[in-house]
Amino acid sequence: MAGLFTGSRVLHTSSDEHEGHPMPESTAKICRICGDEIGILQESGEAFVACHECGFPVCRPCYDYERSDGHQTCPQCHTRYKRHKGCPKADGDEEEAYYDDFEDQIELKNHHDYTPDPTHHSEVKFSQHQIHINGDAVPSVAGSVAGKDFEGEKESPDNEEWKERMEKWKSRQEKRGLVTKTGDGGNDKNDDDDDDFLIAEARQPLWRKVPIPSRLISPYRIVIVVRFVILCFFFHFRILTPAQDAYPLWIISVICEIWFGLSWILDQFPKWAPINRETYLDRLSLRFEREGEPDRLAPVDFFVSSVDPLKEPPIITANTILSILAVDYPVDKVSCYLSDDGASMLLFDALSETAEFARRWVPFCKKYSVEPRAPEFYFSEKMDYLKDKVQPTFVKDRRAMKREYEEFKVRINALVAKAQKKPEEGWVMQDGTPWPGNNTRDHPGMIQVYLGSEGALDIEGKELPRLVYVSREKRPGYQHHKKAGAENALVRVSAVLTNAPFILNLDCDHYLNNSKAVREAMCFLMDPQIGKKLCYVQFPQRFDGIDRHDRYANRNVVFFDINMKGLDGIQGPVYVGTGCVFNRQALYGYDPPASEKRPKMTCDCWPSWCCCCCGGGSRKSKGGKKKGLKSLLGLGKLYSKNKKKMMGKHYTRKSSAAAFDLEEIEEGLEGYDELEKSSLMSQKNFEKRFGMSPVFIASTLMEDGGFPEGNNPSSLIKEAIHVISCGYEEKTEWGKEIGWIYGSVTEDILSGFKMHCRGWKSVYCTPKRAAFKGSAPINLSDRLHQVLRWALGSVEIFFSRHCPLWYGFGGKLKWLQRLSYINTVVYPFTSIALLAYCTLPAVCLLTGKFIVPTLNNLASVWFIALFLSIIVTGVLELRWSGVSIEDWWRNEQFWVIGGVSAHLFAVFQGLLKVLAGVDTNFTVTSKAADDAEFGELYLFKWTTLLIPPTTLIILNMVGVVAGVADAINNGYGSWGPLFGKLFFAFWVIVHLYPFLKGLMGRQNRTPTIVVLWSILLASIFSLVWVRIDPFLPKQTGPILKQCGVEC
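Residues numbered from 1 in each chain as written. Predicted model: local features only at pLDDT ≥ 70, side-chain atom pairs only at ≥ 80, totals over all residues. Heavy atoms only, no water.

Looking now at the overall build of the protein. Counting secondary structure elements, the protein contains 33 helices and 19 strands. Relative to its 1047 residues, the protein shows a buried fraction of 51%. In the protein, once contacts between residues fewer than 6 apart in sequence are set aside, the share between residues at least 24 apart is 77%. Approximately 50400 Å² of the protein is accessible, and the part contributed by carbon and sulfur atoms is 57%. (Helix = DSSP H or I, 4+ residues; strand = E, 2+ residues; numbered from the N terminus. Buried < 20%, exposed > 50% of the residue type's maximum accessible area, 1.4 Å probe, protein only. Contact = heavy atoms within 4.5 Å. Areas by Shrake-Rupley, 256 points an atom, 1.4 Å probe, with all protein chains shown as cover.)

Rendered as structure tokens:
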């Protein structure tokens, strides 16, 4: 275990070593389907080209497979593959005279109708390729069955003639390199067939889209269009038919309804084309974890963020860390970084205890394949833990591990109890050294490395993943940008220490519920076709410890199972802050690699001067001038083989085979002319963008991760301390174009939006077993404060330059994706309309007026049609998504509760921040660590957020009582108009019912609904009693009253 390193001094010495791996330069063309190199045709000496229309790189085996068993079309341009010489015929091929039909018959026979002869054997050729992953060159065997001996056909006139033709065919095949001469290998035929099958299976796609069945999605789309048409006619009626006796109420109601209609459009149409996806983990293993070859799975850096260990209990953070260390992934490819933004010695000591307990917990998990791999949740699961367990030692080892975990919890609890009261002289470490973070707002940066390749091994002597504690430097007078700043600090530290190409970030209360979650993400990120274009893979959030009825819609099922699947069919889901695997290059502000464009079809019948006159030459000249101008004004170029785009300007990445010293960049300018030199990226441009760290800048140029040569561990630790200093980001593009974007407390939405604007795509991965699970605030006040923070972040984005209403036009953001982002920043403003609309029923009941005039038959049809279309849309949405009606109804209820409370306050706080500069600090949501089941659910905490919903409930209840009393006084004629008003008021009360239950707290005997109806009925009967006046004598004749005039 390494020592603690701080910015001011080294308290201990580090024993960790990490050797870099250079990346050899590869010149071979790679197949975009299977990832193998594309072979060279021996007869022409050129690379194999499957599609002559667009030139999409596909190797010969994948081409043969696509023609025989696939769609027979190019994956990029969808042009039907033409038959190459030596390829078997496929259905739909045109007859072409220059093909050797005899060879085709042989090939066709080999692929379909081959009957083995015991006197012959298979002849198979395998080609060796060098695949470059993370700097290591590993061999990849791509086998293709070229041809096999077969029995003579019945129409063969003579055996001698047949043999002669066979020999001629074999000689031609050998010249082409498709068949190799082998010895007597008939006994190995079955093994070869198995290898061929595995290789063919490995070449299959790692994932596939699962579209929603047309019987479910088509009616859904039809109803959306019908509802839109009905909505237009409804607004036509509402606007042209005012209520003359209640004109102000009518104006307010129409404005609110139009706003609701626009909000529905923003929310509904991005769900037009939802999709599901499924992954194939077995194919991932066959492709990247071949037996006898080095592992080629990409490394992953895990980020866990924590702020206050007293609000985020260390035992929950420890469970998250343990689930990461026990993940089902190669140990040397996993590194875990914990960000302690509160510089707490409690969390530091708890992490040390966690690292020690991991030496026992990790081998237990991997030996018995337990799920989940967070001990707190594994031992508390109510399930048959003996299911599928066959090892006789399992029960004994489980009991021993459970006892060790309980002892571990006691040690953590002791640390928490000790941390409740801070000593006057501050905390002191075990060696007597004062804790550097005693002042949480003024302390140096700290890094502690646990475990890893040179750290402590587990109890079985095996290596454990690296675990790193990070606390960035904080000084007064600097802006630290809360969680976004902490995440950016982790990006730089991890780039210096491990530099994995992919990053998975988690909140401290979200543990790995599925140990194969990283493999699920790798099925997309390591896919040859789309992997390089993905900025992140987002997983849905699932939660533990929520009451059975999910009173306050904590699970948020409608958003994660409906909205996110709809976005996945456009450009990808939004980033939700946790449970997300990032492509590191996307975080660095680079543009995705440009797609290979199809060559334009040209005509040779016109002279070249005609083409110039038509604009061909001038277009080329303008493009060259524009490109040169961008290079001169922008960051320029760094010439190499692989090209990128950065900030919309072309930028090329130098070969990652050698160390990336900035001096070498300047020394490598010889041989270029003056124009090229002026466009090269200089050291100052690098530092202006990424900061003053040569090691970090070098890591950004290594697309597949890894390290430059010549770096020793001690220098890397010092550099890591440097990149988390509080002044490192000054005058750089961190938080503006790089990393997590600053300017909002919901940095997740803003960061994902910037990536999508650059043209990146994202993917929504929903494995059958939930990838991650976390805790959610089930108390009403805490839940409202959480929603307040989310809404405040959306309001901040709305008033910033990054608002989707005007930012990113002319970029690569799809218009349906833009509608979704507009909805994410506009939805808090719906609270103003919602508050007014929920007040209208009470006003109507108290005044006796209504927002709708007397309806005729046609108007009644539009009201009924709109009401039915809303119901049918919801039902069809539930059908294709699989969401239960209870979850949908809870979401509708909390939309009203949050809208008239948290969203309303967020709008006013956002306006205060923009207009008056009054900033509001968000409160960290408490994480549940109570042993009592759902104990927090009934805890009442007063907050100003409770005032508006409480007022609305009282107003509408009083309105109902007053309306009923007025109808009783006025007779039967007034009951007809009353029903519309009562329906309106009960709509508000029913939506606010969960809020009312939260106000009532725990009711041991009397249900809340009984109390509510008791108050209503008691009030109504009291008014009726007063109206009847049974104990007063009835007067007959005229009622005489004093006029008040002195006669």
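That covers the picture; the talk isn't over yet.
So, on to the nonpolar core. Within soluble globular proteins, side chains that are nonpolar tend to cluster in buried spots. Core analysis: the biggest nonpolar cluster contains 77 residues, and Phe302, Trp361, Leu467 and Met522 have the highest contact counts within it. Of all the elements, helix α9 (residues 345–368) adds the most residues to this core, at 14 residues. With residues near it in sequence (within four places) discarded, Trp361 still touches Leu322, Ala326, Arg373, Ala374, Pro375, Tyr378, Phe379 and Met401. Counting residues in each nonpolar core, the second largest holds 69 residues, with Ile447, Val493, Ala720 and Tyr821 among its members. (Core = buried A, V, L, I, M, F, W, Y, C linked by side-chain atoms within 4.5 Å.)

This next bit is on the environment of Asn505. Structurally, Asn505 is set in strand β10 (residues 502–507). Judged by relative accessible area, Asn505 falls into the buried class, the value being 0%. Distance from Asn505 to Thr578, taken between C-alpha atoms, is 5.7 Å for residues 73 residues apart in sequence. Other than its neighbours up to four places away in sequence, Asn505 contacts Phe303, Glu487, Tyr575, Gly577, Thr578, Gly579, Cys580, Phe582 and Trp740.

Attention now goes to the packing of aromatic side chains. Considering all chains together, one arrives at 50 aromatic pairs under this definition. Residues Phe582 and Trp740 carry aromatic rings whose centres are separated by 5.3 Å and whose planes lie at 65° to one another, so their mutual orientation is edge-to-face. In this pair, Phe582 sits in strand β14 (residues 580–583) while Trp740 sits in the loop between α22 (713–723) and α23 (747–757), placing the two residues 158 residues apart along the sequence. Assessed through its relative accessible area of 1%, Phe582 is described here as buried. Judged by its relative accessible area of 1%, Trp740 falls in the buried class. Taken together through their ring pairs, the aromatic side chains of Phe357, Trp361, Phe364, Tyr368, Tyr378, Phe379, Phe394, Tyr405 and Phe408 make up a single cluster. (Phe/Tyr/Trp six-rings, centres within 6.5 Å; stacked < 30°, edge-to-face > 60°.)

Following the criterion strictly, the structure yields zero disulfides and no others. Take Cys62: it sits in no disulfide, and the sulfur closest to it among the cysteines is that of Cys59, at 3.4 Å. Given the relative accessible area of 5%, Cys62 is considered buried. (Disulfide = S-S within 2.5 Å.)

The subject of this paragraph is the sheet that holds strand β19 (residues 772–775). As summarised here, the arrangement of the three strands in space is β11-β19-β13, forming an open sheet in which the pairing is mixed. The open sheet has two edge strands, β11 (511–512) and β13 (542–544), and neither has a second partner. The pairing of β13 with β19 spans three bridges and is classified as parallel. By the bridge assignment, Asp544 is partnered in β19 with Ser775. (Pairing = 2+ DSSP bridges.)

Attention shifts here to the environment of Val493. On the secondary structure map, Val493 appears in helix α12 (residues 482–497). With relative accessibility at 0%, the residue Val493 sits in the buried group. Between the alpha carbons of Val493 and Phe696 there is a distance of 8.6 Å; along the sequence they are 203 residues apart. Those residues in contact with Val493, other than ones at most four positions away along the chain, are Tyr337, Ile447, Val470, Ala720, Val723 and Ile724.

The pairing of β11 with β19 spans two bridges and is antiparallel. Directly across from Tyr511, in β19, lies its bridge partner Lys773.

Applying the stated criterion to the full structure yields 31 salt bridges. Residues Lys516 and Asp328 are paired through a salt bridge, measuring 2.5 Å at the closest nitrogen-oxygen approach. In this pair, Lys516 sits in the loop between β11 and α13 (517–525) while Asp328 sits in the loop between α8 (314–325) and β7 (334–340), placing the two residues 188 residues apart along the sequence. Taking relative accessible area as the criterion, Asp328 reaches 22% and is therefore assigned partly exposed. Taking the shortest distance from any N to any O, the salt bridge between Arg475 and Glu473 comes out at 2.8 Å. Judged by its relative accessible area of 27%, Arg475 falls in the partly exposed class. Linked by salt bridges that have partners in common, Glu289, Asp328, Lys516 and Arg519 make up one network. (Salt bridge = Lys/Arg side-chain N within 4 Å of Asp/Glu carboxyl O.)

By the burial criterion, the buried members of helix α7 (residues 281–288) are Arg283, Leu284, Arg287 and Phe288. Angular distribution of buried residues about the axis of α7 spans 110°; they occupy a single face of the element. (Arc of directions from axis to C-beta.)

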